[in-house]
Amino acid sequence: MEPLAAAARELLLVALEDLSQEQLKRFCHKLRDAPLDGRSIPRGRLEGSDAVDLAEQLIHFYGPELALEVARKTLKRADVRDVAAQLKEQQLQRLGPRSSALLSASEYKKKYREHVLRQHAKVKERNARSVKISKRFTKVLIAPETLEHRTLGPAEEPEPERARRSDTHTFNRLFSRDAEGQRPLTVVLQGPAGIGKTMAAKKILYDWAAGKLYHGQVDFAFFMPCRELLERSGTCSLADLILEQCPDRSAPVPQILAQAERLLFILDGVEELPAPGPSEAVPCTDPLEAASGARVLGGLLSKVLLPAARLLVTTRAAAPGRLQGRLCSPQCAEVCGFSDKDKKKYFYKFFRDERRAEQAYRFVKENETLFSLCFVPFVCWIVCTVLRQQLELGQDLSRTSKTTTAVYLLFVASFLSSAPAADGPQLQDELRKLCRLACEGVLGRRAQFSQKDLERLELLHSQVQTPFLSKKELPGVLETEVTYQFIDQSFQEFFAALSYLLEDEGSPRAPAGGVGALLRGDAEPRCHLALTTRFLFGLLSAERMRDIERHLGCSVSKRVKQDVLRWVQEQGQGCPRAGPEGTKETQALQGAEEPEEEEDEELSYPLELLYCLYETQEEAFVRQALRGLPELALERVHFSRMDLAVLSYCIRCCPVGQALRLDSCRLAIRQEKKKKSLVKRLQGSLGGSASRATVRKPLGSPLRPLCEAMVDQQCGLSSLTLTSVELSERSLQELQAVGTAKPGLVITHEALGSRPKPPEGFDSAL
């Protein structure tokens with residue numbers, strides 16, 4: 001680079017020394033006011049500069065190749081075209097065509113942006129209908145990384161920064177500098193399945209191409225779906241992957257890679273990345289090296305491949321165990337789904353017809369449970385799809401759903417009920433085969449299926465293919481390769497769970513290994529099987545099993561529920577811990593500075609088990625299951641609101657003698673509006689049953705949902721132990737009120753330091 005810089009400096013000096021003082025002044029003015037790609041030399045460095053200073057500043061700020069291009073274009077804008085032409089001619093003579101080729105990356109940007117705008121102007125919905133991204137995209141809430149835990153004062157509650165709607169300003173803030181002035185190079189968007197991570201990532205790519213995001217910071221942005229990269233056969237280099245996304249084969253890929261600090265890679269779905277095996281132990285370090293998809297992705301994530309490039313990573317919250325050692329100083333944000341306002345906007349965008357949109361939205365709004373579930377965009381899409389079908393058929397909008405599992409089942413039932421009655425037996429047989437395909441894929445970690453896979457199960461051209469499977473054609477070496485995948489990954493996991501109920505374990509068509517293959521079949525306890533397991537629990541409730549028989553016309557296996565119950569009770573005999581799918585903050589992804597002994601920690605396994613029990617919404621089953629877990633111990637969990645709702649539901653249903661221990665947990669929950677304290681409410685109605693908390697109920701203190709559950713008459717909790725959990729005075733008051741309402745409940749609080757003095761009028765035996 002040094003000889004090139006010296007040659008460029010000399011060329012610039014010759015050109016600038018030919019200018020008069022007036023021309024040089026005009027050159028400085030144009031250089032300042034017409035920046036290249038949003039970047040310009042600061043004004044203070046240009047004032048009073050002569051030709052030597054300007055040449056040095058141009059080389060230092062832009063580098064030798066870009067400095068020559070900037071100077072040539074600025075000379076044209078300053079109306080010194082003859083000098084600009086001389087500079088170009090001398091540049092070719094001195095540096096040859098090689099330099100012009102290096103500059104072509106800058107000229108290629110416009111062509112590439114236009115290509116991205118064309119390619120991503122429309123997105124395919126799950127039913128394969130294409131819609132404009134600008135018309136369908138509805139803003140979701142994005143919460144920045146939770147602030148470091150701080151010591152609370154006597155009447156304080158922790159107040160993390162509020163979630164923001166995903167507009168251009170919020171997207172730009174993802175890569176903004178922190179308090180120390182450091183700009184993150186890796187940003188993680190995390191959240192549960194269907195929450196809108198992929199759509200947000202695609203909107204970021206589209207807005208970048210439209211010139212709305214990262215102006216003057218990012219020259220090229222590339223969208224990389226991790227699952228597809230991991231499943232493609234053979235090897236490829238990062239350069240090959242970049243070339244595939246360009247509009248033609250003449251893209252100057254080496255020159256694009258040479259300016260890694262101007263690149264953005266969007267890695268969608270990195271939870272699919274497997275733990276490194278012997279062949280994947282060393283991540284790829286050379287962008288020109290042909291390697292497996294896992295090695296290329298591993299190199300990007302760990303910053304050994306193009307360390308200066310920016311990464312935008314989307315992942316489910318269950319993935320931190322595998323990502324912990326790969327991500328380099330990530331800045332995390334949580335995708336929280338739709339606000340109530342944006343739910344309404346989505347309905348009106350979906351239906352287009354204002355009258356039907358209002359009718360459907362009013363129905364869902366009056367059903368509090370269903371309305372609360374619609375904060376997940378994919379669930380919202382399912383609800384809208386079902387309601388549109390019911391409205392078109394003139395049906396009454398009367399069916400309701402209480403859980404995510406119920407919503408998915410409603411969607412499948414709605415499809416089957418619209419088919420002619422004569423097709424019922426054939427449809428039921430095809431549904432079983434579809435479930436078997438899904439289960440094979442989930443257990444084998446496959447999302448793409450070949451035409452032979454569909455032919456083997458007689459699903460090709462079946463009635464269930466179009467609504468539930470999408471077709472994708474990929475250019476192959478000799479011929480086009482056709483693959484199929486479920487309309488959404490979560491649908492594959494739902495059908496996989498359903499397969500266990502539709503086939504008896506003794507049947508030759510049943511999933512290999514029975515339900516045990518799902519519950520015990522992962523070395524990292526069910527990390528990639530977490531959502532399938534939750535769906536299975538949700539389908540086991542008596543109400544869901546009746547729905548399957550009534551609406552799908554399929555008989556269900558009664559053995560599965562007993563097998564699952566037996567498995568849950570076995571967990572009390574000792575089970576490894578795994579990361580819960582629904583936990584919305586993760587220590588591993590946050591990159592927070594924690595003590596060294598927590599370096600390899602994973603999130604509390606029992607919380608994931610509680611999520612599964614919550615999905616059943618069957619109190620008798622939950623109570624019976626928890627008898628095998630006499631003590632629930634949750635360690636180092638940063639509770640989200642949903643986490644607390646799940647824990648509270650299970651504690652309300654727990655059997656007599658149950659113990660709960662929270663160790664080193666954090667309770668920093670986003671607050672809505674203040675509510676009358678539980679202390680005052682309990683003083684007036686200690687003998688009555690406490691009102692039941694819901695996910696959407698405003699919180700007075702982070703512990704309120706748990707306190708309300710503990711005073712419920714059905715709750716059999718005998719002891720609560722809080723170790724190294726900081727509580728505000730308000731939280732302590734509510735715990736003391738619980739102790740007064742339930743004298744037999746032993747509450748122990750071992751704080752990190754001195755705790756606030758208990759208020760007057762309450763027992764201080766906590």
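What counts and how
- Residues numbered from 1 in each chain as written.
- Predicted model: local features only at pLDDT ≥ 70, side-chain atom pairs only at ≥ 80, totals over all residues.
- Heavy atoms only, no water.
- UniProt positions renumbered as here; feature names shortened; annotations may be inferred.
- Helix = DSSP H or I, 4+ residues; strand = E, 2+ residues; numbered from the N terminus.
- Contact = heavy atoms within 4.5 Å.
- Areas by Shrake-Rupley, 256 points an atom, 1.4 Å probe, with all protein chains shown as cover.
- Salt bridge = Lys/Arg side-chain N within 4 Å of Asp/Glu carboxyl O.
- Buried < 20%, exposed > 50% of the residue type's maximum accessible area, 1.4 Å probe, protein only.
- pLDDT = per-residue confidence, 0-100.
- Pairing = 2+ DSSP bridges.
- Axes fitted to C-alpha atoms, helices over the stretch in contact; angles between N-to-C directions.
- Patch = residues over 30% accessible without salt bridge, like charges linked within 9 Å, V, L, I, M, F, W, Y side chains within 5 Å.
- Lys, Arg positive; Asp, Glu negative; His and termini not counted.
- Charge placed at Lys NZ, Arg CZ, Asp CG, Glu CD.

As recorded by an unreviewed UniProt entry, the chain carries the name NACHT, LRR and PYD domains-containing protein 6 and is attributed to Sus scrofa. Under the heading Sequence similarities (unreviewed entry), UniProt records this for the chain: "Belongs to the NLRP family."

Turning next to the overall build of the chain. A tally of regular secondary structure across the chain gives 35 helices and 16 strands. Contacts in the chain between residues far apart in sequence, at least 24 positions, make up 76% of those at least 6 positions apart. For the chain, the exposed surface amounts to about 33100 Å²; the carbon and sulfur share of it is 48%.

Per the counting criterion, the structure on display carries 31 salt bridges. As a salt-bridge pair, Lys-73 and Glu-69 come within 3.2 Å of each other at their nearest N and O atoms. With a gap of 4 residues between them, Lys-73 and Glu-69 both fall in helix α5 (residues 64-77), about one helical turn apart. The partly exposed category is assigned to Lys-73, whose relative accessible area is 33%.

Let us now look at the environment of Gly-63. Within the secondary structure, Gly-63 is located in the loop between α4 (51-62) and α5. The class for Gly-63 is buried, based on a relative accessible area of 17%.

In this section: the confidence of the model for the chain. Looking at the chain, pLDDT values average 78 and 77% of them are 70 or higher. Taken together, the stretch residues 146-161 has pLDDT below 50 and engages in 38 contacts with residues farther than four places along the chain or on a different chain. This model gives residues 575-603 a pLDDT under 50, and the stretch forms 91 contacts once residues within four places in sequence are excluded.

This part is about the sheet that holds strand β16 (residues 746-750). Reading across the sheet, the 4 strands line up as β13-β14-β15-β16 and stay open at both edges, with parallel pairing between neighbours. The outermost strands of the open sheet, each flanked by one partner alone, are β13 (631-635) and β16. On average, each strand axis in the sheet is tilted by 10° relative to the strand beside it, whichever way the strands run. Sheet topology note: the strand β14 (residues 658-663)/strand β15 (residues 717-723) ladder contains 6 bridges and is parallel. Looking at β15, one finds that Leu-662 is bridged to Leu-722. Docked against the sheet, helix α32 (residues 641-652) engages β13, β14 and β15, running at close to 160° with respect to β14.

A cluster of basic residues, Lys-122, Lys-132, Lys-135 and Arg-352, forms a positive patch on the protein surface. Relative to the elements of secondary structure, Arg-352 occurs in the loop between α16 (340-351) and α17 (354-366). Here Arg-352 falls in the exposed class, since its relative accessible area comes to 58%.

Among the surface-exposed residues, Glu-17, Asp-18, Asp-50, Asp-53 and Asp-82 lie close enough to one another that they form a single negatively charged patch. The exposure class assigned to Asp-53 is partly exposed, which follows from its relative accessible area of 34%.

Let us look at the sheet that holds strand β3 (residues 141-144). Reading across from one edge, β4-β3-β9-β5-β8-β7-β6 is the order of the 7 strands in this open sheet, with mixed pairing throughout. The open sheet has two free edges, formed respectively by β4 (164-165) and β6 (220-225), since each of these has just one partner strand. Pairing geometry for β6 and strand β7 (residues 263-268), over 6 bridges, is parallel. Bridge assignment links Met-224 to a residue of β7, and that residue is Leu-267.

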